Amino acid sequence: MKSHLSAILNRLEKLVESGDPKDTFNFEKDEEVQITVSFDGENQVFIVKYPKIKETSDFDSIDLVAMEIFDLIY
């Protein structure tokens, strides 16, 4: 059985490894973007955008970002 949380963490780790704040991942549910995530390597924070409500949040923990994504798409 494949873990959805593990797949989310893998994508977030790729953002950290790239170090380019222009790199983003969209996470979708029913073919609609629920959340867009990028990583600011200089400040060591994940920038999370919620397109539906046009808000942005910063997270300094990969675990918290992964849980937020999981809650929104599963």
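Residues numbered from 1 in each chain as written. Predicted model: local features only at pLDDT ≥ 70, side-chain atom pairs only at ≥ 80, totals over all residues. Heavy atoms only, no water.

*Asks:* Honestly, the sheet that holds strand 3 (residues 45–50) in this entry has me stumped. Any pointers?
*Replies:* Read across the sheet, 4 strands follow the order 1-2-3-4 without closing on themselves; strand pairing throughout is antiparallel. Each edge of the sheet is formed by a strand with only one pairing partner; in this case those strands are strand 1 (24–29) and strand 4 (55–59). Strand-to-strand twist across the sheet, computed as the mean angle between neighbouring axes with direction ignored, equals 20°. Bridging between strand 1 and strand 2 (residues 32–40) involves 6 bridges; their strand directions are antiparallel. Across the sheet, Asn26 pairs through a bridge with Thr36, a residue of strand 2. Sheet contacts for helix 1 (residues 4–18): strand 1, strand 2 and strand 3; angle to strand 1, the most-contacted strand, approximately 160°. Across the sheet, helix 2 (residues 62–73) lies against strand 1, strand 2, strand 3 and strand 4, angled at about 170° from strand 2, the strand it touches most. (Pairing = 2+ DSSP bridges. Helix = DSSP H or I, 4+ residues; strand = E, 2+ residues; numbered from the N terminus. Axes fitted to C-alpha atoms, helices over the stretch in contact; angles between N-to-C directions. Contact = heavy atoms within 4.5 Å.)

The analysis is restricted to geometry; functional conclusions fall outside its scope.
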